[in-house]
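Summary of the model geometry
Each chain, letter by letter, is given below.
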Amino acid sequence: MKVILWHLRKSLIELFPTRGYRLILIGLILIAAAISVSELLVAKLFTQIILHEGEIDKSYLVLLMFGFFLFYGLTRAGQFAQRIYRVRVFDRAFKANDVELTTGKENWRWSQAFEMTNISSVLTQVGVVLLFFFYFNWVFALFDLLIILIVLEVLGRLFSKQIEIQRTFAKAQKDKIKVDNFLRVGSRIKSGEIGTLLAGFAMIILLGALFYLNYIGDINASNTVVLFFGLRMQTSNLSSISTGLMRFARAKTHSEL
């Protein structure tokens, strides 16, 4: 996990040497994390409406439904605005840099910036969702934290190996040595999919723990449904981190040429 954080921090400093742009990007990452928690709040509101539909006054139910759709729409709009504004920040930051770059290196720089911010955003989301889990059940959250650390440790090792592999490919390209596409693309996809598979197995283990805690009465039905949605989100995030890290390794090594 340390190697992931180290490379993300290094890329942030190298790509955005100006403190102002770095702070803006950190702010956008935090906004993305807040949106992820908002989605869980939407899930909580949805389960409350469904599970207690017959007990809620009709006028109040209409108000809750309106609030649900409004809140959901705002989260979608917020996510859209965050991603669009991020592109503008990249453009302004790179234009403010006086360093002359070739077209190829500039393209890799853009790719590296996108992957760096995507991975940072998703990592932050994983952390915020974990805090959300602590609010519902600290025992389940502690177990989830252990599983997350194990998955990230494995992803960090896959990422380190992929950086070395991509450096050999980048050097071969520089020396105009042809590398078979199956080897060049397949190694990156295979590493990413191994991480995705690991995230899937992690969800199975966590679902078992969730079912058990619900069965013994430690987590009620409403919170169990919300935690299930949270686990789905977490698994998707870990899968995104896995595939994103392999693309990040490719962009980072090629931009070093």
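Just above, that's the structure.
Now for a look at the structure at hand.

Calculation rules
- Residues numbered from 1 in each chain as written.
- Predicted model: local features only at pLDDT ≥ 70, side-chain atom pairs only at ≥ 80, totals over all residues.
- Heavy atoms only, no water.
- Salt bridge = Lys/Arg side-chain N within 4 Å of Asp/Glu carboxyl O.
- Helix = DSSP H or I, 4+ residues; strand = E, 2+ residues; numbered from the N terminus.
- Axes fitted to C-alpha atoms, helices over the stretch in contact; angles between N-to-C directions.
- Parallel < 35°, antiparallel > 145°, perpendicular 65-115°, else oblique.
- Left-handed = near helix turned anticlockwise from the far one by under 90°.
- Contact = heavy atoms within 4.5 Å.
- Nonpolar A, V, L, I, M, F, W, Y, C, P; charged D, E, K, R; others polar.
- Buried < 20%, exposed > 50% of the residue type's maximum accessible area, 1.4 Å probe, protein only.
- Expected span 1.5 Å × (residues − 1).
- Polar contact = N/O pair within 3.5 Å; in protein donor to acceptor, adjacent residues only side chain to side chain.
- 1 Å grid on protein atoms, 1.4 Å probe; cavity = no way out; pocket = protein on both sides within 12 Å on 5 of 7 lines; lining within 4 Å.
- Points joined across faces, edges and corners; volume = space filled by probe spheres on them.
- Core = buried A, V, L, I, M, F, W, Y, C linked by side-chain atoms within 4.5 Å.
- Phe/Tyr/Trp six-rings, centres within 6.5 Å; stacked < 30°, edge-to-face > 60°.

Remarks on the pattern of salt bridges
Scanning all chains against the criterion turns up four salt bridges. Note that Glu115 and Arg247 form a salt bridge whose closest N and O atoms lie 3.0 Å from each other. Within this pair, whereas Glu115 is found in helix 4 (residues 103–136), its partner Arg247 is found in helix 7 (residues 221–255), the two being separated by 132 residues in sequence.

A word on the packing of helix 1 (residues 2–15) against helix 7
For the pair helix 1 and helix 7, interaxial distance at closest approach is 12 Å and the crossing angle is 45 degrees. Between helix 1 and helix 7, the crossing angle belongs to the class labelled oblique. With respect to the hand of their crossing, helix 1 and helix 7 are arranged in left-handed fashion. Across the interface between the two elements, Ile4, His7, Leu8, Lys10, Ser11 and Glu14 of helix 1 pack against Leu245, Phe248 and Lys252 of helix 7. In terms of residue class, the contact of helix 1 with helix 7 is built from four nonpolar, two polar and three charged.

Observations concerning the side chain of Gln166
Inspection of the secondary structure assignment puts Gln166 in helix 5 (residues 138–174). Take Gln166: its relative accessible area is 1%, and that puts it in the buried class. Once residues lying within four places of it in the same chain are set aside, the contact partners of Gln166 are Arg184, Ser187, Arg188, Ala249, Arg250, Thr253 and His254.

Focus: helix 5
Between its terminal C-alpha atoms helix 5 stretches 52 Å, which fits the 54 Å expected from 37 residues at 1.5 Å a residue. A distance of 3.2 Å separates the backbone nitrogen of Val139 from a side-chain oxygen at the start of helix 5, and that oxygen is part of Asn137. Once helix 5 ends, the next one or two residues include Lys176, with phi positive near 60 degrees.

Some points on the layout of surface pockets
Here the largest pocket is characterised by a volume of approximately 680 Å³. The wall of the largest pocket is formed by 27 residues, among which Glu39, Arg76, Gln79, Gln125 and Met233 lie closest to the centre. Elements with a minimum of two residues in the lining of the largest pocket: helix 2 (19–51), helix 3 (58–96), helix 4 and helix 7.

Structural notes on the environment of Lys10
With respect to the secondary-structure elements, Lys10 resides in helix 1. As for Lys10 and Thr124, which are separated by 114 residues in sequence, their C-alpha atoms are 17 Å apart.

Some points on the nonpolar core
With 54 residues, the main nonpolar core has Phe16, Phe140, Leu155, Leu231, Ile241 and Leu245 as its most contacted residues. Elements that contribute at least two residues to this core include exactly helix 1, helix 2, helix 3, helix 4, helix 5, helix 6 (181–215) and helix 7. In terms of residues, this core owes the most to one element, helix 4, which gives eleven residues. Non-local contacts of Phe140, meaning those with residues more than four positions away in its chain, are made with Phe133, Leu206, Ala209, Leu210, Leu213, Leu227 and Leu231.

Some thoughts on helix 7
The terminal C-alpha atoms of helix 7 lie 50 Å apart, and with 35 residues this matches the ideal 51 Å at 1.5 Å per residue to within 8%. Burial analysis of helix 7 places 25 of its 35 residues in the buried class, which makes it a mostly covered element. Put simply, Asn220 is the residue that caps the front of helix 7, since its side-chain oxygen is 2.8 Å from the backbone nitrogen of Asn223.

Structural notes on the packing of aromatic side chains
Scanning the model with the defined rule gives twelve aromatic pairs in all. Their ring planes at 80 degrees and their centres at 6.0 Å tell us that Phe90 and Trp110 sit as a pair that is edge-to-face. Of the two residues, Phe90 is situated in helix 3 and Trp110 in helix 4; the sequence distance between them amounts to 20 residues. Between Phe228 and Phe229 the ring centres are 6.1 Å apart and the planes differ by 55 degrees, which places this aromatic pair in the tilted class.

Description of the environment of Lys44
Secondary-structure assignment places Lys44 in helix 2. Overall, the relative accessible area of 22% leaves Lys44 in the partly exposed class. Measuring from C-alpha to C-alpha, the distance between Lys44 and Leu12 comes to 35 Å, with 32 residues separating the pair along the chain. Beyond its immediate sequence surroundings of up to four residues, Lys44 is in contact with Phe136, Ser222, Asn223 and Val226.

Re the packing of helix 5 against helix 7
For the pair helix 5 and helix 7, interaxial distance at closest approach is 7 Å and the crossing angle is 20 degrees. The angle between the axes of helix 5 and helix 7 places the two elements in the roughly parallel class. Crossing handedness for the pair helix 5 and helix 7: right-handed. Each residue belonging to the contact of helix 5 with helix 7 can be placed in one class, and the counts come to 17 nonpolar, seven polar and three charged.

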